[in-house]
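# What the coordinates show
Each chain, written out:
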Amino acid sequence: MRKFNFARPLLILAVAFLVKSLTTTVCLLLGASQETAGNIAFVAMMIAALLTFMKLNKSRKKQ
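In this text the structure is predicted, and so the values were computed from the model without any measurement.

### Digging into helix α1 (residues 7-29)
Counted at 1.5 Å a residue, the expected span for α1 with its 23 residues is 33 Å, and the 33 Å between its end C-alpha atoms agrees. Arg8, Ile12, Ala16, Thr23, Thr24 and Cys27 are the residues of α1 that are buried. The positive-phi residue at the C-terminal boundary of α1 is Gly31, with phi of around 100°.

### Side note on a nonpolar patch on the surface
A surface patch of nonpolar side chains, about 680 Å² in accessible area, is lined by Phe42, Val43, Met46, Ile47, Leu51, Phe53 and Met54. Turning to its location among the elements, Phe42 is positioned in helix α2 (residues 34-62).

### Focus on the nonpolar core
In summary, soluble globular proteins display a tendency toward joint burial of nonpolar side chains. Counting residues in hydrophobic clusters, the biggest one holds five residues: Ile12, Ala16, Met45, Ala49 and Leu56. If you list the elements that add at least two residues to this core, you get α1 and α2. Ranked by the residues each element gives to this core, the list is headed by α2, at three residues. Every residue in contact with Ala49, bar those within four places of it in the chain, is listed here: Ile12 and Ala16.

### Some words on the environment of Ala14
Mapped onto the fold, Ala14 is located in helix α1. Of the residues examined, Ala14 reaches a relative accessible area of 35% and is grouped as partly exposed. The sequence separation of Ala14 and Ala49 amounts to 35 residues, and the corresponding C-alpha distance is 9.1 Å.

Reading the values: rules and limits
Residues numbered from 1 in each chain as written. Predicted model: local features only at pLDDT ≥ 70, side-chain atom pairs only at ≥ 80, totals over all residues. Heavy atoms only, no water. Helix = DSSP H or I, 4+ residues; strand = E, 2+ residues; numbered from the N terminus. Expected span 1.5 Å × (residues − 1). Buried < 20%, exposed > 50% of the residue type's maximum accessible area, 1.4 Å probe, protein only. Patch = residues over 30% accessible without salt bridge, like charges linked within 9 Å, V, L, I, M, F, W, Y side chains within 5 Å. Areas by Shrake-Rupley, 256 points an atom, 1.4 Å probe, with all protein chains shown as cover. Salt bridge = Lys/Arg side-chain N within 4 Å of Asp/Glu carboxyl O. Core = buried A, V, L, I, M, F, W, Y, C linked by side-chain atoms within 4.5 Å. Contact = heavy atoms within 4.5 Å.

Listed below in structure tokens is the structure:
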């Protein structure tokens, strides 16, 4: 059995959190309401997490 790599899940969480924070800030600066900015940021966070996961898995298969 392979060793579990703690860096991969932490990287996915870090990317998701940073994208959510950045998206919320940008939406609020552009004049969106707090609720709308939170919803848009949540969708962006999910997309970023999925893209990061797929990219990490793709590089893992090449090894």
